[in-house]
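Examining the three-dimensional arrangement
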Amino acid sequence: MTVYADTRFQNRRRRLASTLAGQRIDAMLVTHLTHVRFLSGFSGSNGAVLVKKDLTALISTDGRYTTQVGEEASDLELISARNCGSALLETLDGPRRVGYEADYVTVSELESLQKACPEGITLVPVTGVIEEIRLVKDEVSLDHLRHVARIAVVAWEELLEAGELRAGRRENEVAADLEYRMRKHGSEHTSFDTIVASGLNSAKPHHGADDTEIQDGDIVTVDFGAHLLGFNSDITRSVIVGHTTDFTKEIYDVVLRAQLAGIDAATPGTALVDVDRACRDIIDEADYGEYFVHSTGHGVGLDVHEAPYASTGGKGVLEPGMTLTIEPGIYVPGKGGVRIEDSLIIRAGAPEIITDTPKELRLV
Ligand code: GLY
Ligand code: MN
Ligand code: MN
């Protein structure tokens, strides 16, 4: 499927230009590929965009992408080059202040950009401006996010229904099976390395998936996501194999209650720290606070992890159109762990859960 240039990209560039005008910046050189895609629609692996304050914009990529850039970003003037950022700077005449993405440009890349600058051009570090524009998603993006979340959910439900998450299978077999099912439903690739953490491995939040054989009585935590058209999904479910124990039942119950409290708290106007607090309080009250070793959640979109962040130091408040995961966990070394994660769209009133699939304790 091809995405053609549309007014969303122009609107984003307009917002960027007007924000930068406030910082007395005449043009912004965008080299971070996620942002190139966000501002132009171009999805190739080499490219840069230059957005000027008069709203004209140029794009650069190399010969491998000439056809693709014409399909995806036909409204931008193309400068064909391999060193895209430098080639775009070379089109400028001064004196001008040109922003560059200080969070993404390496020291040696900056040296090359500086060498490419014509007389009178000053490069100015810019941080966080495009991330800010990405915070509240437009409806087209939200539809993509719903779709890519649905792919993950359908693959998960199929895996369980087929009985393929079971004792005797290796973690990496289960991961491959789930990834195959996501692919069949349209995923281009996973949004991150699939986690299948069984038994004692479940006490490691980001275990991965290895050749450990799943055993009767294990908790199995599966954290996975699909990727399509630049968008990512992110969901975690923990299941229990064969039979529960007092420990597995208890931590599952606490994490589920914490997760539901986090979802309840995720409403417009709520501070991100308070969303984190809502989850953390329940786990603290159950005396497992020291075993909840990460933040409550993050935005999900063109990156799997992006602003806003629900954490003890989280900044800002939720607004409609933001996304947020709610993913509390308890991880007791030498015993096991549970995490439950959903991705939400913040809406007036209750959030929309885009990874909606049962999460009551489930025996497989
Ligand atoms: N898969 C990593 C996370 O849930 O944030
Ligand atoms: Mn996840
Ligand atoms: Mn997550």
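Residues numbered from 1 in each chain as written. Chains lettered and ligands numbered in written order. Predicted model: local features only at pLDDT ≥ 70, side-chain atom pairs only at ≥ 80, totals over all residues. Heavy atoms only, no water.

**Quick look at the overall build of the protein chain**
Each helix and strand counted, the protein chain has ten helices and 19 strands in total. Rg of the C-alpha trace for the protein chain: 23 Å, near the compact-globule value of 21 Å for 364 residues, within the 12% margin. C-alpha extents for the protein chain along the principal axes are approximately 70 × 40 × 35 Å. At a minimum sequence separation of 6, the contacts of the protein chain that also span at least 24 residues come to 67%. For the protein chain, the exposed surface amounts to about 15,300 Å²; the carbon and sulfur share of it is 49%. Separation between the mean location of the 36 positive side-chain charges and that of the 57 negative ones in the protein chain comes to 4 Å. (Helix = DSSP H or I, 4+ residues; strand = E, 2+ residues; numbered from the N terminus. Rg over C-alpha atoms; globule rule 2.2 N^0.38 Å. Contact = heavy atoms within 4.5 Å. Areas by Shrake-Rupley, 256 points an atom, 1.4 Å probe, with all protein chains shown as cover. Lys, Arg positive; Asp, Glu negative; His and termini not counted. Charge placed at Lys NZ, Arg CZ, Asp CG, Glu CD.)

**Considerations on empty space enclosed by the protein**
Across all of its chains, the model carries two cavities of 30 Å³ or more by this definition. When its volume is computed, the largest cavity comes out at roughly 70 Å³. Along its surface, the largest cavity is lined by Trp-156, Leu-160, Arg-237, Ser-238, Val-239, Tyr-252, Pro-358, Lys-359, Glu-360 and Arg-362. For the lining of the largest cavity, the elements supplying multiple residues, two or more each, are α7 (139-161) and β12 (235-240). (1 Å grid on protein atoms, 1.4 Å probe; cavity = no way out; pocket = protein on both sides within 12 Å on 5 of 7 lines; lining within 4 Å. Points joined across faces, edges and corners; volume = space filled by probe spheres on them.)

**Quick look at the pattern of salt bridges**
Under the defined criterion, the tally for this structure stands at 27 salt bridges. Note that Asp-75 and Arg-13 form a salt bridge whose closest N and O atoms lie 3.1 Å from each other. Note that Asp-75 is positioned in the loop between α3 (66-72) and β4 (77-80) and Arg-13 in helix α1 (residues 7-21), a separation of 62 residues in sequence. With relative accessibility at 5%, the residue Arg-13 sits in the buried group. Linking Arg-169 and Glu-164 is a salt bridge whose minimum nitrogen-to-oxygen distance equals 3.6 Å. Note on Arg-169: relative accessible area 11%, which makes it buried. (Salt bridge = Lys/Arg side-chain N within 4 Å of Asp/Glu carboxyl O. Buried < 20%, exposed > 50% of the residue type's maximum accessible area, 1.4 Å probe, protein only.)

**Some remarks on the coordination of the manganese ion (ligand 3)**
Within the protein, the manganese ion (ligand 3) binds to Asp-234 (OD), His-298 (NE2), Glu-327 (OE) and Glu-341 (OE); these donor distances fall in the range 2.0 to 2.2 Å. Metal-centred angles of 52 to 157° between the six donor atoms at the manganese ion (ligand 3) mark the site as irregular. Between the manganese ion (ligand 3) and the manganese ion (ligand 2) the interatomic distance amounts to 3.3 Å, and Asp-234 serves as a bridging ligand to the pair. Separated by 14 residues along the polypeptide, Glu-327 in the loop between β15 (323-326) and β16 (329-332) and Glu-341 in the loop between β17 (336-339) and β18 (342-345) bring together distant segments of the chain. Residue classification places Glu-327 among the buried residues on the basis of a relative accessible area of 10%. Overall, the relative accessible area of 0% leaves Glu-341 in the buried class. (Donors = N, O, S within 2.8 Å, 3.2 Å for Na, K, Ca; no water. Tetrahedral: all angles 85-135°; square planar, octahedral: opposite > 155°, others 65-115°.)

**Examining the sheet that holds β4**
In spatial order, the strands read β4-β3-β2-β1-β5-β6; together these six strands make up an open sheet with mixed pairing. Two strands bound the open sheet, and with one partner strand each, they are β4 and β6 (121-126). In this sheet, neighbouring strand axes are inclined to one another by 25° on average, regardless of whether the strands run parallel or antiparallel. The sheet contact formed by strand β1 (residues 27-30) and strand β5 (residues 96-101) spans three bridges and is parallel. Note that in β5 the partner of Leu-29 across the bridge is Tyr-100. (Pairing = 2+ DSSP bridges. Axes fitted to C-alpha atoms, helices over the stretch in contact; angles between N-to-C directions.)

**Remarks on the environment of Leu-228**
Along the chain, Leu-228 turns up in strand β10 (residues 226-228). Using a relative accessible area of 17% as the deciding quantity, one classes Leu-228 as buried. Along the sequence, Leu-228 and Ser-191 sit 37 residues apart, while their C-alpha atoms lie 8.7 Å from each other.

**Focus on the coordination of the manganese ion (ligand 2)**
Looking at the manganese ion (ligand 2), one finds its protein donor set to be Asp-223 (OD), Asp-223 (OD), Asp-234 (OD) and Glu-341 (OE), positioned 2.0 to 2.6 Å from the metal centre. Geometry at the manganese ion (ligand 2) is irregular, judged from its six donor atoms and the angles of 54 to 162° they form at the metal. In primary sequence terms, the donor set of the manganese ion (ligand 2) follows D-x10-D-x106-E. Overall, the relative accessible area of 3% leaves Asp-223 in the buried class.

**Quick look at the site of ligand 1**
Contacts to ligand 1 come from Phe-192, His-206, Asp-223, Asp-234, His-298, His-305, Glu-327 and Glu-341. At a separation of 3.1 Å, an oxygen atom of ligand 1 approaches a polar side-chain atom of His-298. Here Glu-327 contributes a side-chain N or O atom positioned 2.9 Å from an oxygen atom of ligand 1. For the shell around ligand 1, the residue count by class is one nonpolar, three polar and four charged. (Near = heavy atom within 4 Å. Polar contact = N/O pair within 3.5 Å; in protein donor to acceptor, adjacent residues only side chain to side chain. Nonpolar A, V, L, I, M, F, W, Y, C, P; charged D, E, K, R; others polar.)

**Topic: the UniProt feature "domain: Peptidase M24" (unreviewed entry) in the protein chain**
UniProt marks residues 144-347 with the feature "domain: Peptidase M24" (unreviewed entry), using the numbering shown here. With 32% helix and 23% strand, residues 144-347 has end C-alpha atoms that lie 17 Å from one another. (UniProt positions renumbered as here; feature names shortened; annotations may be inferred.)

**What to know about the nonpolar core**
Ranked by size, the top nonpolar core spans 53 residues in total, and within it Leu-16, Val-30, Trp-156, Leu-165, Val-220, Val-222 and Phe-224 carry the most contacts. Dropping the residues within four chain positions of it, Leu-165 is found in contact with Trp-156, Leu-159, Leu-160, Val-174, Ile-214, Val-220, Val-222, Val-239 and Val-364. (Core = buried A, V, L, I, M, F, W, Y, C linked by side-chain atoms within 4.5 Å.)

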